Each structure stands twice: as structure tokens, then as C-alpha cells.
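Below, each chain spelled out in residue letters.
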Amino acid sequence: MSMSTTPPGPQAHPTAAEPAALSGIPSPGGTEPEVPRYAPQWLQLREPADAAARAHELLDPLRIRLAHRSGRATDLVVHDLGCGTGSMGRWLAPLLDGAQHWILHDRDPYLLHFATVGAPKSAADGSRVTVTTQRGDIGRLTPDALAGASLVTASALLDVLTADELETFAAACVGAGCPALLTLSVVGRVELAPAHPMDQEIADAFDAHQRRGDLLGPDAVRAACEVFERLGASVRVQPSPWRLGAEQAELTGEWLRGWVGAAVEQRPDIADRAETYLQDRLADCAAGRLDVVVHHSDILVLPRPVGGAG
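Since the structure is predicted, the reported quantities are computational estimates derived from the model, not experimental observations.

## A closer look at the packing of aromatic side chains
- Scanning the model with the defined rule gives three aromatic pairs in all.
- Where Phe169 meets Phe228, the ring centres are 6.3 Å apart and the plane angle is 85 degrees; that geometry is what we call edge-to-face. Residue Phe169 is located in helix 6 (residues 163-176), and its partner Phe228 is located in helix 8 (residues 220-230); the two are separated by 59 residues in the primary sequence.
- What makes Phe228 buried here is its relative accessible area of 0%.

In C-alpha cells form, the structure reads like this:
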């Protein structure tokens, strides 16, 4: 999993969303594409902020849908795409009743190892939670790959998809007839206090970087709503902002390095000024006088059930 508010730069500072971008279904023919390595330390550092940000308002309608699913006498089967170190499962599994089987998808076997080791053991009502892993590429996701799924989850996935990849992903979810809980997609809005004259310039450069190579970036939530609704699904959207203050200084510092780094990668002409800006902001952060709000949205997608079942 990830967060899309940091750049794709060095391994120590992955983009919060990028680990999810290349995750999902196994590669065919036994071929092993080069796997980008994202530091589990970064994913672990951001996990409490992710958990605090995710929109609990979407859980009640999700629970209602799951309670009325066909085959509800069997285990809930959850496909977690771009699972990273497994933080979505650790957050969500203990909030849902009933026995659950999570299938964790990621391209990076190193992250899959961490996800397996740290997987939750029990649901909200004490029922068992089991886990298996699947390595591969979300670009090959199909409804068949989601056969038998009760729920699809992902964090920071949408903003690192292209429009074509979003269409493929949405068609797979709707074709499988299962709900999807898609959290922590960036929306192109960051607030820093106190303000600095260069804040907006860095933010604009970062947003342009998020759109590189036809990625949806901060346009992803709007695009996803349009695609899923066109395919006949109902969509609910809730804000899920990161709120970072003095208690999250370590995370804020790492986020700042990545955020500014992506902006400079997009606009090398601002490198000298951006370095001064970064050092000023890191000093504010270390002194406990910097507050940051990184805005995201969570989406709950409720397709029509396959075969008319609830």
C-alpha cells in the first residue's frame, strides 16, 4: 500500500501510493519483471496516520452489503491489491465480523513477507482470519481473477493508475459483483501552517509530477466515480485527510523530503530554492511548529451483485 503524497524517488522515500501501482495478479508464463523495492520502514511509519485517516463512515454501508451477500455462510474473501506491508488488513479485518480469508497482492515478495508476518489473526467477533499471498501485476486484473471475492480493498491505488488501467480495474470489480473499498487517494490539496510563500509552487509541481506518464494523480477520484457509475455501480466518497502535527514529526519530515523531491524532479529549475524551502520546513517540523493536512478521499463502490444475489 502507499499514499501518493510523496514522489517515486529513492527507495527510502517511495510515493505513498506507488507501491500499489504495480500490484495485483500474477505475471503469466513465469516471467519475473523487475520489481521496485519500497522500504517497509516508510510503510510502517505511515501506518498510524493511514489508520487515523481512513473514513469510518463507509464501514456501515459496507457491513450491510457484506451481511446480505450470496454465500454469506462461508468465509468473507477479501482481495487486498497493492497490500504493501498489510496495513489495510490490520485496520479492516478487526472491524468486520465473521471468518475472513485475505488474499494479499503485491509485486514485491519482500513486502508480501512483511504482510504475512504481521497479518491479523481475528475478526471483530473473534472469528478466525487467514491469509495467503499472490504476487503479480494489477494490469492483468480480470473478473475471473476476482471470482469468489466478497470484497476488494486497496490503499492509494487509484492515483497511480492511467485511465486505461482504471477502466480495466473497474470492469473487473463490477464484473465480479463485489464491493470495493478504495482508500487514501490524493485529491491535489495540501495545507501547511504556518504558510510559506513557496507552498503553492511546490504543490503545483508535485501535482504535475503525479500526472506524469498519463497517471491520473489528483484527478483519480473524480475519474473513478465516473467510470464506476457508468458501469452501473453506486459510489460513496468520504474525505480521509492525513493530519500531521508535532506528534507525527518523523512522518512529516519523511513526507516533506518526498513531496519536495517529486516537485524538483518535475521542475529542476526550482532546485536551489526548493532546497532552502525544505530545510526551512524541516526546521519548523523539528521545532514542533509545523502542521500539515494532506487531503485524500476514500471511495466505497457497490456494484450490482452478480446473478441478482444480495
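## Observations concerning the confidence of the model for the protein chain
- With 85% of its residues at a pLDDT of at least 70, the protein chain reaches an overall mean of 87.
- Per-residue pLDDT stays below 50 along residues 1-36; that stretch engages in 156 contacts with residues further than four places along the chain or on separate chains.

## Structural notes on the packing of helix 6 against helix 8
- Interaxial distance between helix 6 and helix 8 falls to 10 Å at its minimum, and their mutual angle equals 45 degrees. Between helix 6 and helix 8, the angle falls in the class oblique. For the crossing formed where helix 6 meets helix 8, the hand is right-handed. Side by side, helix 6 and helix 8 meet where Leu166, Glu167, Phe169, Ala170, Cys173 and Val174 of the first sit next to Ala223, Ala224, Val227, Phe228 and Arg230 of the second.
- Classifying every residue of the contact of helix 6 with helix 8 gives nine nonpolar, no polar and two charged.

## What about the pattern of salt bridges?
- For the structure on display, the rule yields 15 salt bridges.
- Its salt-bridge partner being Asp219, residue Arg211 comes within 2.8 Å of it at the nearest N-O pair.
- Residue classification places Arg211 among the partly exposed positions, given a relative accessible area of 36%.

## Describing the packing of helix 2 (residues 40-53) against helix 9 (residues 249-266)
- Interhelical geometry of helix 2 versus helix 9 gives an angle of 120 degrees and a closest axis separation of 10 Å. Here helix 9 runs oblique to helix 2, going by the angle between their axes. Note that helix 2 runs across helix 9; the crossing there is left-handed. Contact residues: Trp42, Leu45, Arg46 and Ala49 in helix 2; Glu250, Leu251, Glu254 and Trp255 in helix 9.

## Brief notes about the pairing of strand 3 (residues 129-135)
- Bridge count between strand 2 (residues 100-106) and strand 3: seven bridges; the pairing is parallel. When the sheet's bridge partners are listed, Asp106 is paired in strand 3 with Arg135.
- In this fold, the crossover linking strand 2 to strand 3 by way of helix 5 (residues 109-117) has right-handed handedness.

## Some remarks on helix 5
- For helix 5, the complete set of buried residues consists of Leu111, Leu112 and Ala115. The arc that holds every buried residue of helix 5, seen down its axis, measures 105 degrees, which confines them to one face.
- Against the buried residues of helix 5 lie helix 2, strand 2 and strand 3.
- Capping the start of helix 5 is the job of one residue whose side-chain oxygen sits 2.8 Å from the backbone nitrogen of Tyr110: Asp108.

## Considerations on the environment of Val260
- When you line up the elements, Val260 lands in helix 9.
- Take Val260: its relative accessible area is 4%, and that puts it in the buried class.
- In sequence terms Val260 and Ala203 are 57 residues apart; their C-alpha atoms lie 8.4 Å from each other.
- Beyond its immediate sequence surroundings of up to four residues, Val260 is in contact with Ile202, Ala274, Tyr277 and Leu278.

## Looking at the nonpolar core
- Ranked by internal contacts, the top residues of the largest apolar core, which has 32 residues, are Leu158, Phe169 and Phe228.
- One finds Ile202, Ala203, Leu251 and Tyr277 within the second-largest nonpolar core, a separate group that totals 30 residues.

## Remarks on the environment of Pro94
- Residue placement: Pro94 occurs in the loop between helix 4 (87-92) and strand 2.
- Looking at Pro94, the relative accessible area reads 35%, which means it is partly exposed.
- The sequence separation of Pro94 and Pro120 amounts to 26 residues, and the corresponding C-alpha distance is 7.5 Å.
- Among residues more than four places away in sequence, those in contact with Pro94 are Gly89, Ser122, Ala123 and Ala124.

## Some details on helix 3 (residues 59-67)
- Taken together, the buried positions of helix 3 are occupied by Leu59, Pro61, Leu62, Arg65 and Leu66. The buried residues of helix 3 occupy an angular sector of 165 degrees when projected down its axis, which confines them to one face.
- Summarising the contacts, the buried residues of helix 3 are in contact with strand 1 (76-81), helix 4, strand 4 (151-155), strand 5 (180-193), strand 6 (234-239) and strand 8 (291-302).

## Points about unusual backbone geometry
- The omega torsion of the bond from Ala193 to Pro194 falls at 5 degrees, within 30 degrees of zero and hence cis.
- Within the secondary structure layout, Pro194 lies in the loop between strand 5 and helix 7 (199-210).
- For Leu184, which is not a glycine, the phi torsion comes out positive at approximately 60 degrees.
- Of the residues examined, Leu184 reaches a relative accessible area of 0% and is grouped as buried.

Thresholds, definitions, all that
- Every chain's residues receive numbers from 1 upward, in the order its sequence appears when written.
- Reporting in this predicted model follows two pLDDT cut-offs: at least 70 for local features of residues, and 80 or more for side-chain atom pairs to be given and counted; totals over whole chains, interfaces and linings ignore these cut-offs and use all residues.
- Side-chain metrics in this entry use all non-hydrogen atoms of the structure; hydrogen atoms and water are not considered.
- Centres within 6.5 Å make a pair out of two Phe, Tyr or Trp rings, where for Trp the six-membered ring is used; the pair is then stacked when the planes are under 30 degrees apart, edge-to-face when over 60, and tilted otherwise.
- Secondary structure is summarised from DSSP: a helix means a run of H or I of at least four residues, a strand means a run of E of at least two, and numbering begins at the N terminus for each.
- Relative accessible area decides the class of each residue, using a 1.4 Å probe on protein chains only: under 20% of the type maximum gives buried, over 50% gives exposed, and in between gives partly exposed.
- pLDDT runs from 0 to 100 and stands for how confident the predictor is about each residue.
- We call two residues contacting when some pair of their heavy atoms lies within 4.5 Å.
- Axis angles are defined between N-to-C directions and span 0 to 180 degrees, where every axis is a line fitted to C-alpha atoms and, for a helix, only to the segment in contact.
- Each angle gets one of four labels, with under 35 degrees taken as roughly parallel, over 145 as roughly antiparallel, 65 to 115 as roughly perpendicular, and the rest as oblique.
- In a left-handed crossing the near helix is turned counterclockwise from the far helix by less than a right angle, and in a right-handed crossing that turn is clockwise.
- In this count, Pro and Cys sit with the nonpolar residues alongside Ala, Val, Leu, Ile, Met, Phe, Trp and Tyr, while Asp, Glu, Lys and Arg are called charged and the others, Gly among them, polar.
- We define a salt bridge as a contact between a side-chain nitrogen of Lys or Arg and a carboxyl oxygen of Asp or Glu at a distance within 4 Å.
- Pairing between strands is defined by DSSP: at least two bridges between them are needed.
- Place the viewer so that the strands point away; then a crossover is right-handed whenever the path from the first strand over the helix to the second strand goes clockwise.
- The directions considered for the arc are those from the helix axis to the C-beta atoms.
- Whenever two N or O atoms come within 3.5 Å, that pair is a polar contact, provided that in protein one can donate a hydrogen and the other can accept it, and provided that, for residues adjacent in sequence, both atoms are side-chain atoms.
- To qualify as a nonpolar core, a set must consist of buried Ala, Val, Leu, Ile, Met, Phe, Trp, Tyr and Cys residues joined through side-chain atoms within 4.5 Å.

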